[in-house]
Structures are given as C-alpha cells and as structure tokens.
Amino acid sequence: MRIGILGTGALATSLGTAWVRAGHEVLVGGRSAERAAAAAAAMGGGDGRTDGGATARAAATAAEAAAGRDAVLLAVSWAGVPDILRAAGADRGALAGTVLVDPVNAVDHGVGEHLLTDGRAAAEHIADLAPGARVVKAFHLLPAARWSAAGGPVTVPVAGDDEAALRTVAVLAGDAGGTAAVVGPLRRARQLEEAAGLVIGLVFAGYDPAAAVPHVPARGAARV
C-alpha cells in the first residue's frame with residue numbers, strides 16, 4: 001500500500017518501520033521537515049531500503065504526505081490533531097475517501113480521564129475534522145515500541161463504519177504483528193478510548209494493567 005503518516009513521534013516511527021518491512025511505501029509528514037526526515041530514515045528510508053524495495057521518505061508538507069494514499073495514520077497528540085489535519089487539507093476534503101487510522105488517546109496521561117465531556121469518541125470528532133475520511137480507531141492500546149520489536153501475538157481492537165476501511169486496517173495490523181478484532185461502529189471508539197484511559201491510569205498508579213483484566217479463552221472473536 002501507499003501509506004501516509006502524519007506525525008514523527010514514537011508511534012509513527014514504530015508502525016512505519018513495521019510497514020516498510022512488510023513492503024509498503026511510507027511517506028512521512030509533520031510540522032518539522034527535519035523531524036520527518038529523521039523519522040523516515042529510522043523507518044528504513046534511503047540506505048535503509050528493504051530487499052523488496054519498500055522504503056520510507058519524508059514529505060515536503062503534511063498535505064503531500066496525505067495526498068493519494070491508500071491509508072493515512074494520524075500519529076499526533078490530541079492537542080495537535082486540528083492543526084495537522086488542517087495542514088493536510090482535511091477540512092477542505094483532501095482526505096475524503098481515504099482510510100484515516102486514528103490511534104489518538106484523548107486522555108489525561110496522569111490519571112487516564114477522557115478529555116472530551118460530550119460523550120462522543122475522539123475518533124468521531126476526528127471524522128468531523130476530516131469530512132469524507134473513512135476513520136478507523138486502531139493501534140491506541142499498546143506501547144509504541146511493541147510494533148517495532150518482536151513479541152507474541154496481540155489483538156488490535158478496531159472500530160469503524162466502513163467495511164472496506166476495516167479490512168485495510170486489518171491488513172496493516174497483520175503486517176505489524178497483530179490481529180484486528182472489530183468491536184463495532186465508530187461510536188464504539190469511545191469505549192476503546194476509555195479502556196486506554198484505564199490502562200494509562202493503572203500504569204501511572206504503579207499497577208500492571210494485564211493483572212487487572214481476567215483471562216477468558218477467546219470464543220469466536222469478530223475479526224476481519
């Protein structure tokens with residue numbers, strides 16, 4: 001696929017690295033051209049080209065990173081979402097029809113409380129800011145480093161309203177070492193975001209989140 005990444009932080013770099021290794025073409029854009037270039041190099045740009053020819057490179061602008069992509073990863077903080085989407089032209093419909101992958105956690109990172117008080121998911125607000133984009137909530141629960149390091153199988157809960165977009169994200173999850181599990185439409189993303197808030201709150205309080213979740217054998221999870 002042709003993947004655009006808006007953002008240059010740890011999650012952007014980690015997922016980008018996994019996708020380049022899987023053979024995808026990655027284009028990175030952010031507010032800083034220097035940081036975009038550094039992120040692309042870390043993912044496998046330039047001399048880091050894989051045997052299959054896949055590579056990552058920096059875009060001149062956020063709009064270039066998002067234009068003509070099969071999927072775009074929105075890998076910025078919640079506070080930075082409006083600005084980066086505006087820079088990508090999302091408010092003018094530039095992302096209409098594009099799969100927009102949302103791993104954003106709109107929570108207080110000290111206690112895990114959701115920052116939005118209207119009861120809607122951050123993913124739903126992102127859909128408002130990017131009219132016509134096919135938004136899918138995904139990749140928001142696990143630490144960024146998980147996607148660039150070897151590890152056991154993981155489940156990637158996803159939520160979205162578009163079946164084809166969910167299938168695209170399932171491929172991307174598989175290429176990063178996970179299995180996508182659809183929890184429902186985009187409105188269910190609020191539940192996923194609250195779950196992330198709980199995990200973050202437990203971590204900051206000094207508890208192991210895994211120990212707080214009962215282990216129940218899987219029984220026909222909804223996958224795509």
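Reading the values: the criteria
Residues numbered from 1 in each chain as written. Predicted model: local features only at pLDDT ≥ 70, side-chain atom pairs only at ≥ 80, totals over all residues. Heavy atoms only, no water. Pairing = 2+ DSSP bridges. Helix = DSSP H or I, 4+ residues; strand = E, 2+ residues; numbered from the N terminus. Axes fitted to C-alpha atoms, helices over the stretch in contact; angles between N-to-C directions. Phe/Tyr/Trp six-rings, centres within 6.5 Å; stacked < 30°, edge-to-face > 60°. Buried < 20%, exposed > 50% of the residue type's maximum accessible area, 1.4 Å probe, protein only. Lys NZ or Arg CZ within 6 Å of the ring centre and 35° of its normal. Parallel < 35°, antiparallel > 145°, perpendicular 65-115°, else oblique. Left-handed = near helix turned anticlockwise from the far one by under 90°. Contact = heavy atoms within 4.5 Å. Salt bridge = Lys/Arg side-chain N within 4 Å of Asp/Glu carboxyl O.

Q: What is the right way to look at the pairing of strand S6 (residues 134–137) in this model?
A: The side chains of a regular strand alternate, residue by residue, between the two faces of the sheet. Inspection of the sheet shows strand S5 (residues 99–102) paired to S6 by 4 bridges, in the parallel sense. Paired with Val 101 across the bridge in S6 is Val 136. In terms of strand pairing, S6 meets strand S7 (residues 154–160) through 2 bridges, oriented antiparallel. Residue pairing for S7: Lys 137 is matched across the bridge by Ala 159.

Q: Could you clarify how one ought to interpret the sheet that holds strand S1 (residues 2–6) in this entry?
A: The strands making up a sheet are joined through hydrogen bonds of the backbone, oriented either antiparallel or parallel. Strand order in this open sheet of 8 strands is S3-S2-S1-S4-S5-S6-S7-S8, and the pairing throughout is mixed. The open sheet has two edge strands with one neighbour each: strand S3 (56–58) and strand S8 (178–184). When the angles between neighbouring strand axes are averaged without regard to direction, this sheet yields 25°. Of the strand pairs in this sheet, S7 and S8 are connected by 6 bridges, and their pairing is parallel. Within S8, the residue paired with Ala 159 across the bridge is Gly 184.

Q: Would you take a moment to explain the packing of aromatic side chains for this structure?
A: Between two aromatic rings, the relevant description is the distance of the centres plus the angle of the planes. Scanning all chains against the criterion turns up 2 aromatic pairs. On the numbers, 5.9 Å between centres and 70° between planes, the contact of Trp 19 with Phe 139 is edge-to-face. Of this pair, Trp 19 sits in helix H1 (residues 10–21) while Phe 139 sits in the loop between S6 and S7; the two residues are 120 residues apart in sequence, bridging distant segments of the chain. The two residues Trp 19 and Phe 139 agree in class, both being buried. Centroid distance Phe 139 to Trp 147: 5.4 Å. Interplanar angle 90°. Geometry classified as edge-to-face. Accessibility classification places Phe 139 together with Trp 147 in one group, the buried group. One aromatic cluster in this structure is built from Trp 19, Phe 139 and Trp 147. Above the face of the Trp 147 ring, Arg 146 is positioned so that its terminal group lies 5.9 Å from the ring centre.

Q: I tried to follow the packing of H1 against helix H2 (residues 33–43) on my own but got confused; where do I start?
A: The geometry of a pair of packed helices is captured by two quantities: the angle between their axes and the separation between those axes. Interaxial distance between H1 and H2 falls to 8 Å at its minimum, and their mutual angle equals 40°. What the angle tells us is that H1 and H2 run oblique. The two elements H1 and H2 cross, and the hand of that crossing is right-handed. Facing H1, whose interface residues are Ala 12, Thr 13, Gly 16, Thr 17 and Val 20, H2 presents Ala 39, Ala 42 and Met 43.

Q: Is there a simple way to explain the pattern of salt bridges in this structure?
A: Two side chains that carry opposite charge are able to pair once their charged atoms sit near each other. On inspection of all chains with the given rule, the structure shows 10 salt bridges. Asp 102 serves as the salt-bridge partner of Lys 137, at 3.0 Å between the closest nitrogen and oxygen. Within this pair, whereas Lys 137 is found in strand S6, its partner Asp 102 is found in strand S5, the two being separated by 35 residues in sequence. The exposure class of Lys 137 is buried, given its relative accessible area of 0%. The network of salt bridges with common partners includes Asp 102, Lys 137 and Glu 193.

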